[in-house]
Amino acid sequence: QVQVVESGGGLVQPGGSLRLSCAASGSIFSITVMAWYRQAPGKERELVAGITSGTTNYADSVKGRFTISRDLAKRTVFLQMNSLKPEDTAVYYCKFVSLRNNNYWGQGTQVTVSS
């Protein structure tokens, strides 16, 4: 059974930083994509950042402020979030995609940006 667990969320003041981590355990057949999504109250879930072999992509709203990275050997993906804004407040989810195109989601971690 596959488990995906996020950590690192919390409350931070505007302009501050947080680093999210997400690790997968269990049997996943060759991870091809790791990604972070977020969902704010009353809004749809949106892609924040994704990483595959050698490439990354970001939502326009976070470019230059967020950085996605990964440790494939540890099956872990990170999201460094700098210069946080109140509009970044959301539940952040990570997703792993396997070579067999199975999606594995974490349970989410709350990020709140407020003074």
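Residues numbered from 1 in each chain as written. Predicted model: local features only at pLDDT ≥ 70, side-chain atom pairs only at ≥ 80, totals over all residues. Heavy atoms only, no water.

(A) Geometry of the nonpolar core. Membership of the largest hydrophobic core comes to 29 residues, with the highest contact counts inside it found for Trp36, Val77, Leu79, Met81, Tyr92 and Phe96. Where this core is concerned, the elements lending two or more residues are strand E3 (18–25), strand E4 (31–39), strand E5 (46–52), strand E7 (66–71), strand E8 (76–81), strand E9 (90–98) and strand E11 (109–113). If we ignore the near neighbours within four places in the chain, the residues touching Tyr92 are Glu6, Leu20, Trp36, Tyr37, Arg38, Val48, Phe66, Leu79, Met81, Gly108, Thr109 and Val111. (Core = buried A, V, L, I, M, F, W, Y, C linked by side-chain atoms within 4.5 Å. Buried < 20%, exposed > 50% of the residue type's maximum accessible area, 1.4 Å probe, protein only. Helix = DSSP H or I, 4+ residues; strand = E, 2+ residues; numbered from the N terminus. Contact = heavy atoms within 4.5 Å.)

(B) Inspection of the pattern of salt bridges at higher detail. What the rule picks out here adds up to four salt bridges. Residue Arg38 is joined to Asp88 by a salt bridge in which the shortest nitrogen-to-oxygen separation is 2.9 Å. Of this pair, Arg38 sits in strand E4 while Asp88 sits in the loop between E8 and E9; the two residues are 50 residues apart in sequence, bridging distant segments of the chain. A residue is classified by how much of its surface remains accessible, and Arg38, at 6% relative accessible area, is buried. Taking relative accessible area as the criterion, Asp88 reaches 1% and is therefore assigned buried. Put simply, Asp88 and Arg65 hold a salt bridge, and the shortest N to O gap is 2.7 Å. Of this pair, Asp88 sits in the loop between E8 and E9 while Arg65 is found in the loop between strand E6 (55–58) and E7, placing the two residues 23 residues apart along the sequence. (Salt bridge = Lys/Arg side-chain N within 4 Å of Asp/Glu carboxyl O.)

(C) View of the environment of Ala59. Residue position: Ala59 is located in the loop between E6 and E7. A C-alpha to C-alpha distance of 6.3 Å links Ala59 and Ala49, two positions 10 residues apart in sequence. Apart from residues lying up to four places away in sequence, Ala59 is in contact with Leu47 and Val48.

(D) Spatial organisation of the state of the cysteines. Per the counting criterion, the structure on display carries one disulfide. The disulfide that involves Cys22 links it to Cys94, with 1.7 Å between the sulfurs. Of this pair, Cys22 sits in strand E3 while Cys94 sits in strand E9, and the two are 72 residues apart along the sequence. What makes Cys94 buried here is its relative accessible area of 0%. (Disulfide = S-S within 2.5 Å.)

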